[in-house]
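Next come the chains, spelled out residue by residue.
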Amino acid sequence: MTDRVKVSVLGGGSFGTVIANLIGSKGVDVSLWMRDAARAEEINRQHENSRYLPGCQLSAKVTATADLQQALKGANIIFVSIPSQSFREVIQQAKPFITAEQIVVSTTKGIEAKTFSLMSQILAAELPANPIGVISGPNLAKEIAQQQLTATVIASESEQVRTAVQEILHCAFFRIYASSDMYGVELGGTLKNIYAIASGLSAALGMGENTKSMLMTRSLAEMSRFAVQLGANPMTFLGLAGVGDLIVTCSSPLSRNYRVGYALGEGKTLDEAVTALGEVAEGVNTLRYVKEKADALEIYMPLVCGLYEVVFKGAPVSEVAKMMMLNTQSSDVEFILPRDSDC
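Residues numbered from 1 in each chain as written. Predicted model: local features only at pLDDT ≥ 70, side-chain atom pairs only at ≥ 80, totals over all residues. Heavy atoms only, no water.

What follows concerns the overall build of the protein. When you go through the protein residue by residue, the secondary structure sums to 15 helices and eight strands. In terms of C-alpha radius of gyration, the protein reaches 20 Å, essentially the compact-globule figure of 20 Å for 343 residues. Here the contacts in the protein between residues at least 6 apart in sequence split such that 71% fall between residues at least 24 apart. When the accessible surface of the protein is summed, it comes to about 15200 Å², and 51% of that surface belongs to carbon and sulfur atoms. Once the 29 positive and 34 negative side-chain charges of the protein are each reduced to a mean point, those two points are 3 Å apart. (Helix = DSSP H or I, 4+ residues; strand = E, 2+ residues; numbered from the N terminus. Rg over C-alpha atoms; globule rule 2.2 N^0.38 Å. Contact = heavy atoms within 4.5 Å. Areas by Shrake-Rupley, 256 points an atom, 1.4 Å probe, with all protein chains shown as cover. Lys, Arg positive; Asp, Glu negative; His and termini not counted. Charge placed at Lys NZ, Arg CZ, Asp CG, Glu CD.)

This brings us to the packing of aromatic side chains. A full pass over the atoms with the stated rule returns three aromatic pairs. With centroids separated by 6.4 Å and ring planes inclined at 25 degrees, the aromatic side chains of Tyr258 and Tyr262 adopt a geometry described as stacked. Residue Tyr258 and its partner Tyr262 are both found in helix α11 (residues 256-265); the two are separated by four residues, about one turn of the helix. On the accessibility criterion, Tyr262 (32% relative accessible area) is partly exposed. Ring plane angle 50 degrees and centroid distance 5.1 Å describe the contact between Tyr308 and Phe312, whose orientation is recorded as tilted. In this pair, Tyr308 and Phe312 both sit in helix α14 (residues 302-313), four residues apart, roughly one turn of the helix. Lys293 extends its terminal NZ or CZ atom over the ring of Phe116, reaching a point 4.9 Å from the ring centre. (Phe/Tyr/Trp six-rings, centres within 6.5 Å; stacked < 30°, edge-to-face > 60°. Buried < 20%, exposed > 50% of the residue type's maximum accessible area, 1.4 Å probe, protein only. Lys NZ or Arg CZ within 6 Å of the ring centre and 35° of its normal.)

A separate point is the state of the cysteines. Scanning all chains against the criterion turns up zero disulfides. Considering cysteine sulfurs only, Cys171 is the nearest to Cys56, which forms no disulfide, with 13 Å between them. Relative accessible area serves as the criterion here: at 17%, Cys171 is assigned to the buried category. (Disulfide = S-S within 2.5 Å.)

We now examine the pattern of salt bridges. Applying the stated criterion across every chain yields a total of 11 salt bridges. A salt bridge links Lys61 to Asp29, with the nearest nitrogen and oxygen atoms 3.3 Å apart. Placement of the pair is Lys61 in the loop between α2 (37-46) and β3 (62-65) and Asp29 in strand β2 (residues 29-33), with a sequence separation of 32 residues. Of the residues examined, Lys61 reaches a relative accessible area of 34% and is grouped as partly exposed. (Salt bridge = Lys/Arg side-chain N within 4 Å of Asp/Glu carboxyl O.)

Below, the discussion takes up the pairing of strand β8 (residues 174-179). Looking at chain direction, strand β7 (residues 150-155) and β8 are connected through six bridges and run parallel. Bridge pairing in β8 places Thr152 opposite Ile176. Where the polypeptide runs from β7 across helix α7 (residues 159-169) and back to β8, its parallel neighbour, the crossover connection is right-handed. (Pairing = 2+ DSSP bridges. Right-handed = clockwise from strand over helix to strand, strands pointing away.)

One can find Ser331 in the segment after α15 (317-325). Counting along the chain gives 120 residues from Ser331 to Thr211, while the straight-line C-alpha distance between them is 18 Å.

For the rest of this paragraph, the subject is the nonpolar core. One broad trend across soluble globular proteins is that nonpolar side chains are buried collectively. Counting residues in each nonpolar core, the largest one holds 42 residues, and the members touching the most others are Leu187, Tyr195, Phe226 and Val290. At the level of secondary structure, the elements contributing two or more residues to this core comprise α8 (182-204), α9 (209-229), α10 (240-251), α11, α12 (270-277), α13 (282-297) and α14. Broken down by element, the residue count for this core peaks at seven residues, all from α8. Leave out the neighbours within four places in its chain, and Phe226 touches Phe116, Leu187, Leu191, Val290, Lys293, Ala294, Ile299 and Met301. Judged by nonpolar contacts, the second largest core, of 37 residues, contains Phe15, Ile19, Val30 and Val161. (Core = buried A, V, L, I, M, F, W, Y, C linked by side-chain atoms within 4.5 Å.)

This part is about the sheet that holds strand β1 (residues 6-10). Read across the sheet, eight strands follow the order β3-β2-β1-β4-β5-β6-β7-β8 without closing on themselves; strand pairing throughout is mixed. Looking at which strands have only one partner, the edges of the open sheet turn out to be β3 and β8. Sheet twist, expressed as the mean angle between neighbouring strand axes with direction ignored, is 25 degrees. Direction of pairing for β1 relative to strand β4 (residues 77-80): parallel, over a ladder of four bridges. (Axes fitted to C-alpha atoms, helices over the stretch in contact; angles between N-to-C directions.)

Further remarks concern helix α5 (residues 119-126). Residues that lie three or four places apart on an α-helix share one face, since the helix turns once every 3.6 residues. The set of residues buried in α5 consists of Met119, Ser120, Ile122, Leu123 and Glu126. Relative to the axis of α5, the buried residues are bounded by an arc of 160 degrees and lie together on one face. On the buried face of α5, the contacting elements are α4 (84-94), β5 (103-106), β6 (132-136) and α8. (Arc of directions from axis to C-beta.)

Here we come to the pairing of β6. Counting buried positions along β6 yields five of five residues, so the element is predominantly enclosed. Neither face of β6 is open: one carries Ile132, Val134 and Ser136, the other Gly133 and Ile135, and all of them are buried. Bridge analysis of β5 against β6 gives three bridges, and the strand direction is parallel. Among the inter-strand pairings, Val104 is bridged to a residue of β6, identified as Ile132. Regarding topology, α5 serves as the crossover connection from β5 to the parallel β6, and that connection is right-handed. Here β6 runs beside β7; their pairing, made up of three bridges, is antiparallel. Residue Ile135 lies in a different strand from β7, and its bridge partner there is Ile154.

Glancing now at the environment of Glu157. Among the secondary structure elements, Glu157 is positioned in the loop between β7 and α7. Sequence separation between Glu157 and Pro316 is 159 residues; the distance between their C-alpha atoms is 44 Å. With residues near it in sequence (within four places) discarded, Glu157 still touches Arg162 and Ser180.

Here is the structure:
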């Protein structure tokens, strides 16, 4: 298949670059689109994305460009690795150059601010004729760049999309599993960013292993509770895009959201933490949007509420933790033993 395929990747950040390089290393021609023409020229000249993946030699099959039409021309599959706040804008710019038979796959884990739309919903609205999908999982870009053994999930209602993405991405160190629960897979990848902030914060405060275990487990309960209310399958959260992604994001200093939380735990302000990171940490905005949605739908999410007070209201962590421990105790897994609606 690879000798007949061309791929386009929109977004020259760490994950977009890694995906482009992985595919290019299989002998496939890849166009990597980025806004900055100077950075595109640097990649073509030095075969390195010095800002996001310094030291990683990129395949000669990867060609960077700031010309959107050129990047999309002749592509069989388009991966979109654009931060959520710019995602719709870029898709609208790209729309005139996208044909109906091109497969479009989001790799972005986030929520659009004003509409509470996931990226698949933006794709469906802006490109209704195109087959679409999303990929999500425990996929730290720097580890993929180092060819560490990794797996991800391609979710789509279309078998054609699932098969095509499995074939184009699969290699000796990257395994691709399939799902038809696009909404659940995407929500898992989006929501876990919130809890990674909480995990980083707790690590900076020196909290113990029992605390970390409790935090991750209750995070998973909140994620699945929220997602089911929005129509996802709770079983999806037992897989790579749920518990798998949650574990790696809440455990690794390579996680951008974990690092933001750690900086907050060290006493930095939110602005200082985000500035020091130098990259987009989707969890910060996601926390705000999910808190608003949970309040509107009356979904019980004590971790989200507590973290919101710490991140945006400057509440002392110790006081928030004490408040959360005093919450009414309820069932462990509510899909087995339903939670009392009064709790």
